[in-house]
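Each chain, letter by letter, is given below.
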Amino acid sequence: MDVNAAVAAAAAIAGLCTGVIAMLAFRWSERDQKKPTRTSLRPDSNAPLPPGVDTVLSVLSSSAVVLDESDSVVKASSAAYALGLVRGGRLAVEPMLNMARDTRRDGEIRQVELDLPRRGTGRGEALAVSARVAPLGSRLVLLLVEDLTEARRIEAVRRDFVANVSHELKTPTGALSLLSEAVMDASDDPEAVERFAGRMQIEATRLTNLVQELIDLSRVQNDDPLEDAEPVRVDELVAEAIDRCRQQAGSKQITMAAGGTAELRIWGNRGQLAAALGNLVENAVNYSPARTRVGIAARRVAVSGGDEIEIAVTDQGIGISEKDRERVFERFYRVDPARSRATGGTGLGLAIVKHVAASHGGEVTVWSSEGQGSTFTLRLPEAGAVRERDRTSGGPLIVNGDEGPYPAAAPDTLDSFPAPEALP
């Protein structure tokens, strides 16, 4: 009997302990559910978000931050963390925090544009943002931040482009106006009329070239080159570029030479590729002293994802300084403005080359040394499908109306190119 009583007492004590443990576990679970999570960030029960606000904030493109009366972050979007606005559960930008406090005090909506340091660069680059603060309920404040950096950059490019175009157009048109007045005043002097008329022709040609290059630049920016893409033979592009500059080179006794181009083909828009290579060769001739040499060499380069074609244009001209090399592909930028105007340059040729290379999935680079010349290298994807068909079939191909066959192999290095053939 005593044994049975002892067993019953032990069972009662065990049941009581189990109940206590279950109650503690339930309380502990409730406590865990009240802890902050990554999705709610900081759901303060004393400052809940108004109904529907959480859903609206999740679809906004702006960076959103909700602050409570103690300036703690109740809710923040992932974009706010990416911009570095929120750190450690607090708003990290002091001007925005002061705006939030003022709005909480008087209920007025405030907006300001700020330049913030960009995170992780260490180069002092500024991040342009627009911040707008508004009250959200009785105790919460909503902060919306828009990133204006890219919009500011595009606006600066557009503003500079308009200013440069206006200046470049005004120069030849103003010269034509003055020269026409000079011709009228010298109507009784045939020699003066002839001299002024020659100057008018030069300015008219310069104006025509500028307008044409503006059209070309607009076309390469807006057109998709792959819509009319075809395999284009490099030797045909080189021959066309040389013909374009033959007169200028002949007047300065500049020798033009080409090599390593016969069996190479590029995939792209023929007109744009011809314009890009022609601009490089024309620049080389215009900036080279008399009785020097301009060379055009090409080779196939093996890269991951398919072979590419490199076309290098080398001159023995004045060269480009290190500070100017970073800007030569900008629109209207000239290394030597006085010399560029003397040679008839518009400052758009290299910008066109850059856009053509980028739109074809390639790039253009420059090596130069002052007083020793420059080398501009255009790297573009090879017409791989045509090359593969040529290698496997061994038969003639029709490329741009010209019948092959074309050899499949090409030199792997510039040193292995055959000696360039001097062209008159």
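Residues numbered from 1 in each chain as written. Predicted model: local features only at pLDDT ≥ 70, side-chain atom pairs only at ≥ 80, totals over all residues. Heavy atoms only, no water.

J.: Lay out the confidence of the model for the chain with the relevant residues and their values.
T.: Per-residue confidence for the chain averages 75 on the pLDDT scale, and 72% of its residues sit at or above 70. Of all the helices and strands in the chain, strand E15 (residues 398-399) carries the lowest mean pLDDT, 32, while strand E12 (residues 308-314) carries the highest, 93. In the model, residues 392-424 has pLDDT below 50 throughout and makes 71 contacts with residues more than four positions away in sequence or in other chains. (pLDDT = per-residue confidence, 0-100. Helix = DSSP H or I, 4+ residues; strand = E, 2+ residues; numbered from the N terminus. Contact = heavy atoms within 4.5 Å.)

J.: Account for the environment of Ala82, naming residues and giving values.
T.: With respect to the helices, strands and loops of the structure, Ala82 is situated in helix H3 (residues 78-82). In this structure Ala82 comes out as exposed when scored by relative accessible area, which is 62%. Sequence separation between Ala82 and Ser63 is 19 residues; the distance between their C-alpha atoms is 9.0 Å. (Buried < 20%, exposed > 50% of the residue type's maximum accessible area, 1.4 Å probe, protein only.)

J.: Give a description of unusual backbone geometry that names residues and reports values.
T.: Phi is mostly negative for residues that are not glycine, and the peptide bonds are mostly trans. Of note in the backbone geometry, Asp71 takes a positive phi value of approximately 65° without being a glycine. Relative to the elements of secondary structure, Asp71 occurs in the loop between strand E1 (63-67) and strand E2 (73-76). Among the residues examined, Asp71 registers a relative accessible area of 8% and is labelled buried. You will see that Arg291, though not glycine, has its phi angle at about 60°, which is positive.

J.: Any chance you could break down the layout of surface pockets for me, citing the residues and the numbers?
T.: A volume near 340 Å³ is recorded for the second largest pocket. In terms of lining residues, the second largest pocket is bounded by 13 residues, among which Val157, Phe329, Glu330, Arg331 and Phe332 are the most central. Listing elements by their share of the lining of the second largest pocket, those giving two or more residues are helix H5 (149-185) and helix H11 (349-359). Among the residues making up the lining of the second largest pocket, the classes are represented as six nonpolar, two polar and five charged. (1 Å grid on protein atoms, 1.4 Å probe; cavity = no way out; pocket = protein on both sides within 12 Å on 5 of 7 lines; lining within 4 Å. Points joined across faces, edges and corners; volume = space filled by probe spheres on them. Nonpolar A, V, L, I, M, F, W, Y, C, P; charged D, E, K, R; others polar.)

J.: How would you explain helix H4 (residues 94-106) if you had to name every residue and give the values?
T.: Between its terminal C-alpha atoms H4 stretches 19 Å, which fits the 18 Å expected from 13 residues at 1.5 Å a residue. Within H4, burial applies to Met96, Leu97, Met99, Ala100 and Thr103. One side of H4 holds all its buried residues, which, seen down the axis, span an arc of 160°. The elements touched by buried residues of H4 are E1, strand E4 (90-91), strand E5 (110-117), strand E6 (126-136) and strand E7 (140-147). Taken from the residues just after H4, Gly107 is the one with a positive phi, measuring 75°. (Expected span 1.5 Å × (residues − 1). Arc of directions from axis to C-beta.)

J.: Explain the packing of helix H8 (residues 270-286) against H11 to me, and be specific about the residues and the numbers.
T.: Packing of H8 against H11 leaves a shortest axis separation of 9 Å and a crossing angle of 140°. As judged from the angle between their axes, H8 and H11 are oblique. Seen along the crossing, H8 lies across H11 with a hand that is left-handed. Contacts from Gln272, Leu273, Ala276, Asn279, Leu280 and Asn283 of H8 reach H11 at Gly349, Leu350, Ile352, Val353, Val356 and Ser359. Taken together, the residues of the contact of H8 with H11 break down into seven nonpolar, five polar and no charged. (Axes fitted to C-alpha atoms, helices over the stretch in contact; angles between N-to-C directions. Parallel < 35°, antiparallel > 145°, perpendicular 65-115°, else oblique. Left-handed = near helix turned anticlockwise from the far one by under 90°.)

J.: Which residues make up the environment of Thr173, and what are the values?
T.: The residue Thr173 is located in helix H5 in this model. Looking at Thr173, the relative accessible area reads 39%, which means it is partly exposed. For the pair Thr173 and Leu207, spaced 34 residues apart in sequence, the C-alpha separation works out to 7.5 Å.

J.: Could you give me a rundown of the packing of helix H7 (residues 234-251) against H8, with the residues and numbers involved?
T.: Relative to each other, H7 and H8 sit at 40°, their axes nearing to 8 Å. The hand of the H7/H8 crossing is right-handed. Here Glu236, Leu237, Val238, Glu240, Ala241, Arg244, Cys245, Gln248 and Ala249 of H7 lie close against H8, whose contacting residues are Arg270, Leu273, Ala274, Ala275, Leu277, Gly278, Asn279, Val281, Glu282, Val285 and Asn286.

J.: Tell me about the side chain of Asp71, residues and numbers included.
T.: Reaching out from Asp71, the side chain makes a polar contact with the side chain of Arg104 at a distance of 2.9 Å. Dropping the residues within four chain positions of it, Asp71 is found in contact with Arg90, Leu97, Arg101 and Arg104. (Polar contact = N/O pair within 3.5 Å; in protein donor to acceptor, adjacent residues only side chain to side chain.)

J.: Break down the pattern of salt bridges for me, with residues and values.
T.: Here the structure, examined in full by the defined rule, presents 16 salt bridges. In this structure, the salt-bridge partner of Arg105 is Asp102, at a minimum N-O distance of 3.1 Å. Of this pair, Arg105 and Asp102 both sit in helix H4, separated by three residues, roughly a single helical turn. For Arg105, a relative accessible area of 61% translates into the label exposed. With a closest N to O distance of 2.3 Å, Glu310 and Arg379 form a salt bridge. Taken as a pair, Glu310 in strand E12 and Arg379 in strand E14 (residues 373-381) lie far apart in primary sequence, 69 residues in all. Several salt bridges share partner residues, and in doing so they unite Arg299, Glu308, Glu310 and Arg379 into one network. (Salt bridge = Lys/Arg side-chain N within 4 Å of Asp/Glu carboxyl O.)

J.: Tell me about the packing of aromatic side chains, and please be specific about residues and values.
T.: Applying the stated criterion to the full structure yields one aromatic pair. Aromatic side chains Phe329 and Phe376 sit 6.1 Å apart centroid to centroid with 85° between the ring planes, which places their arrangement in the edge-to-face category. Of the two residues, Phe329 is situated in the loop between helix H9 (322-325) and helix H10 (337-343) and Phe376 in strand E14; the sequence distance between them amounts to 47 residues. Both residues of the pair, Phe329 and Phe376, belong to the buried class. Lying across the ring of Phe196, Arg195 places its NZ or CZ 5.1 Å from the centre. (Phe/Tyr/Trp six-rings, centres within 6.5 Å; stacked < 30°, edge-to-face > 60°. Lys NZ or Arg CZ within 6 Å of the ring centre and 35° of its normal.)

J.: Provide a residue-level description of the sheet that holds E2, including the pertinent values.
T.: Sheet strands associate in pairs through backbone hydrogen bonding, adopting either a parallel or an antiparallel arrangement. Strand order in the open sheet made by the five strands is E2-E1-E7-E6-E5, with antiparallel pairing throughout. At either margin of the open sheet sits one strand with a lone partner, and together these are E2 and E5. Between one strand and the next, the sheet's axes are offset by a mean angle of 25°, whatever the strand orientation. The pairing of E1 with E7 spans five bridges and is classified as antiparallel. Its bridge partner lying in E7, Val65 is registered against Leu143. (Pairing = 2+ DSSP bridges.)

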